[in-house]
Amino acid sequence: MIHEREAAARKDVLEVFEALCPHIAGNPYVPHWPTGPQAKFLGSHVTSGADPANVFEALYGGAAGGGKSDALLMSAAQYAWKHPEFAGVCLRRSYAELAQPGALMDRAMRWWLKAGVDWNGTDKLFTFPNGARVKMAYHGHPRDDLQFQSTEYQLAAWDELTHWPDATAYEWISLSRLRRPDGSRLPLRALSASNPGGPGHTWVRNRFVGGVDVGTGRVVEPQHLYVPARLDDNPHLDQTSYRRALMRLHPTVRQQLLAGDWSAREPGDYFRVEWFGPMLDPEHDEIPRGEAVQIRWWDLAASEREDAARTAGVLMARLRSGARIVVHAVAFRATPGKRDAAICRQAHLDGRHTIVGLEIEGGSGGPAQFEALAKRLKAEGFRVVGARPRSPLTEAESRVMVRTPVSTSGKEARADPVASCLERGYQRRGECNDTGEPWWGADAGRPWTEQRDGIRIYAGPWTQAYLDELEGFPDARLLDQVDATSGAWAWLEAHPFGLRVAPGEERRRRPAELAGLHPEDRGGRDPGAPGAPEGGARGRERWRP
Ligand SMILES: Nc1ncnc2c1ncn2[C@@H]1O[C@H](COP(=O)(O)OP(=O)(O)O)[C@@H](O)[C@H]1O
Ligand SMILES: [Mg+2]
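Cut-offs used in this document
Residues numbered from 1 in each chain as written. Chains lettered and ligands numbered in written order. Predicted model: local features only at pLDDT ≥ 70, side-chain atom pairs only at ≥ 80, totals over all residues. Heavy atoms only, no water. Core = buried A, V, L, I, M, F, W, Y, C linked by side-chain atoms within 4.5 Å. Buried < 20%, exposed > 50% of the residue type's maximum accessible area, 1.4 Å probe, protein only. Helix = DSSP H or I, 4+ residues; strand = E, 2+ residues; numbered from the N terminus. Contact = heavy atoms within 4.5 Å. Salt bridge = Lys/Arg side-chain N within 4 Å of Asp/Glu carboxyl O. Pairing = 2+ DSSP bridges. Axes fitted to C-alpha atoms, helices over the stretch in contact; angles between N-to-C directions. Parallel < 35°, antiparallel > 145°, perpendicular 65-115°, else oblique. Nonpolar A, V, L, I, M, F, W, Y, C, P; charged D, E, K, R; others polar. Phe/Tyr/Trp six-rings, centres within 6.5 Å; stacked < 30°, edge-to-face > 60°. Lys NZ or Arg CZ within 6 Å of the ring centre and 35° of its normal. Near = heavy atom within 4 Å. Polar contact = N/O pair within 3.5 Å; in protein donor to acceptor, adjacent residues only side chain to side chain. Areas by Shrake-Rupley, 256 points an atom, 1.4 Å probe, with all protein chains shown as cover. Left-handed = near helix turned anticlockwise from the far one by under 90°.

Colleague: Which parts of the structure should I look at to understand the nonpolar core?
Modeller: The biggest cluster of nonpolar side chains holds 47 residues, and the ones touching the most others in it are F271, F276, I287, I325, V326, Y466 and W491. Put simply, the parts of the chain that give this core at least two residues each are strand 11 (292-299), strand 12 (311-319), strand 13 (324-332), strand 15 (384-387), helix 14 (411-428), strand 16 (455-457), helix 15 (463-472) and helix 16 (480-494). Beyond its immediate sequence surroundings of up to four residues, Y466 is in contact with F276, V314, V326, A329, I457, Q481 and T485. If you look at the next biggest cluster of nonpolar residues, it comprises 41 residues, including V30, F128, L155 and A157.

So this is what it looks like as structure tokens:
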């Protein structure tokens, strides 16, 4: 009697569960019973009441070890069990990540092969006994589109979504490859799992979690469902030893992994957002006229292709006091004609007091390209300078400079002094704990126009994207604005007093000068550098912004 009642109660519970989270209970391809949040995630397309005609998007995000990757595999097995027409795809950004031991593909084999699922290693395709298919795939480059061209899926399961630096691949596959076979009633789902942090942190946060845009201060409302994952949710993990391992990490990273905190962003390798100090307000904090040398440095690219490098222009000012200000940054993809037109337009917006700096490309076409654009800008009354940062050293230079190996002589080497200057300003303003540096706190309490070192930044609609790029440096895919920043910084470093030769006669700068080793600077001290006498070593020189 008691047994019957218990059996009936169990049946009721399972029915409710089945209604909320279909096809999990009893599924032979799901080896574990889902935890609470996993069940919520797996049933969210039913319980959220979303229109089944649209693709349903959800992120299971937060702490590492919360059971996110497991939940994605469960979501694939969910409809494969009873729907022979089901096709799903599980994605990582690279093949290496997909094939890692313990990652999706490895785990799926452990789950499914012994349950009678067939595996085709060439196509990376699991075929269930009823004919349902689940593909393991990677997508890290537009050329990987080909793998998806002629297929339709009802599930795209994205693991570690923040590893994708932008939403392009996600949107393309989730929105254009997800389709229902004729007559089928399978739900269309784009399900993702991710820890916070990584190059795509901001777009993923904005899409699913929401947050505040640092540049505009606007609150971004999430558009899709977010199921938080916490370490405590997963009783199947040895939490004590896992926690102990996490405690050795950087506090921000620990906060992201342990608590799944999306407001914590991991520190950049080179640049950290807090080093810029409080952002300047373009309405109230105007650069005093005649007090700054200002340059917009362009790092040129010449293609509209989605995966190409972008043309980036960063407007940086150097105040007489020594502080640098990032005033504005743009980046776009355009063909040479459109690009040059955009550069001219931007020059007019920036005004004639802004010098236009152009990167001279390596190779024989570089100088001609520079001459053509420079001529056009000069004809419109702008002052133009150029530099070829990667040209070989001259005989004289090679005596004082060591040629760095090619791999490190590029972007990193040029960003290095910029990052150093940025951090120095942060320490001089006393915004961190005492660092033991001799200049710690030397600029504390000074108005921003009188700070003697460091880099500040204006708030604007461009600021968040710019800072994301800096924080992602050097690992992220988008680095063009960092390069343009290095260019602007280096020119201002070599020319703290602006142009000293008449416009049009500016000779080409050599790398020694770009690195701050201007012939006149050797022996002298940089007026902005810590410990330099007030007003700068060359304070007597004429100031010509
Ligand atoms: N519902 C569950 N039942 C049993 N074990 C689970 C369950 N969910 C996750 N696990 C196990 O916990 C560990 C961590 O899960 P994983 O999915 O890798 O977490 P995450 O992807 O969030 O870092 C894995 O060994 C996984 O198999
Ligand atoms: Mg995982």
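Colleague: Help me understand the pattern of salt bridges, please; the structure alone is not making it clear to me.
Modeller: Pairing between side chains of opposite charge can happen when the charged atoms of each approach one another. Considering all chains together, one arrives at 26 salt bridges under this definition. For R310, the salt bridge goes to D480, with nearest N and O atoms at 2.9 Å. With R310 in the loop between strand 11 and strand 12 and D480 in helix 16, the pair connects residues that are 170 residues apart, well separated along the chain. The exposure class of R310 is buried, given its relative accessible area of 10%.

Colleague: Looking at this model, I keep getting lost on the sheet that holds strand 4 (residues 125-127). Mind explaining?
Modeller: The strands making up a sheet are joined through hydrogen bonds of the backbone, oriented either antiparallel or parallel. Strands sit in the order 3-4-5-2-6-7-1-10 across an open sheet of 8 strands; the sheet is mixed. Only two strands of the sheet have a single neighbouring strand rather than two, namely strand 3 (118-120) and strand 10 (225-229). Averaged over neighbouring strand pairs, the angle between their axes works out to 15° when direction is ignored. Across 3 bridges, the pairing between strand 4 and strand 5 (residues 133-138) is antiparallel.

Colleague: In this structure, what is going on with the packing of helix 15 against helix 16? I would like to understand it.
Modeller: Between helix 15 and helix 16, the least distance of the axes is 8 Å, while the angle of their chain directions is 90°. For the element pair helix 15 / helix 16, the angle class is roughly perpendicular. Side by side, helix 15 and helix 16 meet where A465, Y466, E469 and L470 of the first sit next to D480, Q481, V482 and T485 of the second. A per-class count over the contact of helix 15 with helix 16 returns 4 nonpolar, 2 polar and 2 charged.

Colleague: Any chance you could explain the packing of aromatic side chains here in plain terms?
Modeller: The geometry of two aromatic rings is summed up by the distance between their centres and the angle between their planes. Scanning the model with the defined rule gives 19 aromatic pairs in all. Among the aromatic residues, those joined into a ring-pair cluster are Y29, W112, W119, F126 and F128. The positively charged end of K82 is found above the aromatic ring belonging to W81, 4.3 Å away from the centroid. Above the plane of the ring of F382 lies R352, whose end atom (NZ or CZ) is 4.8 Å from the centre.

Colleague: Looking at this model, I keep getting lost on the site of ligand 1. Mind explaining?
Modeller: Surveying the vicinity of ligand 1 reveals 18 residues, the closest of which are Q38, G65, K68, S69 and R107. A distance of 2.7 Å separates an oxygen atom of ligand 1 from a polar side-chain atom of R107. Separating an oxygen atom of ligand 1 from a side-chain N or O atom of N234 is a distance of 2.9 Å. Coverage of ligand 1 by the protein amounts to 81% of the 560 Å² it exposes when considered alone. Looking at the shell around ligand 1, the element that brings in the most residues is helix 3 (residues 68-80), giving 4 residues. For the shell around ligand 1, the per-class residue count stands at 6 nonpolar, 9 polar and 3 charged.

Colleague: Is there a simple way to explain the packing of helix 10 (residues 336-350) against helix 11 (residues 365-379) in this structure?
Modeller: The geometry of a pair of packed helices is captured by two quantities: the angle between their axes and the separation between those axes. Running from N to C, helix 10 and helix 11 cross one another at 40°; their axes reach a closest spacing of 10 Å. Note that helix 10 runs across helix 11; the crossing there is right-handed. Where helix 10 abuts helix 11, its residues R339, D340, A341, I343, C344 and A347 lie against Q369, L373, R376 and L377. Among the residues making up the contact of helix 10 with helix 11, the classes are represented as 6 nonpolar, 1 polar and 3 charged.

Colleague: Can you walk me through the pairing of strand 13 in this structure?
Modeller: Regular strands show a simple pattern: their side chains alternate between the two faces of the sheet. Relative to strand 13, strand 12 runs antiparallel, the two being bridged by 8 bridges. Within strand 13, the residue paired with L315 across the bridge is H328. Hairpin remark: strand 12 followed by strand 13, antiparallel, with 4 residues in the connecting loop; positive phi at G322, about 125°. For strand 13 and strand 16, the ladder comprises 3 bridges, and the chain directions are parallel. Note on strand 16: the bridge partner recorded for R324 is I455.

Colleague: Please clarify how unusual backbone geometry should be interpreted in this entry.
Modeller: Negative phi values dominate among residues other than glycine, just as trans dominates among peptide bonds. A positive phi angle is found at H23, which is not glycine, with a value near 65°. Judged by its relative accessible area of 13%, H23 is buried. Even without glycine at this site, K124 takes up a positive phi of about 50°. Counting through the fold element by element, K124 comes out in the loop between strand 3 and strand 4. Residue classification places K124 among the buried positions, given a relative accessible area of 13%.

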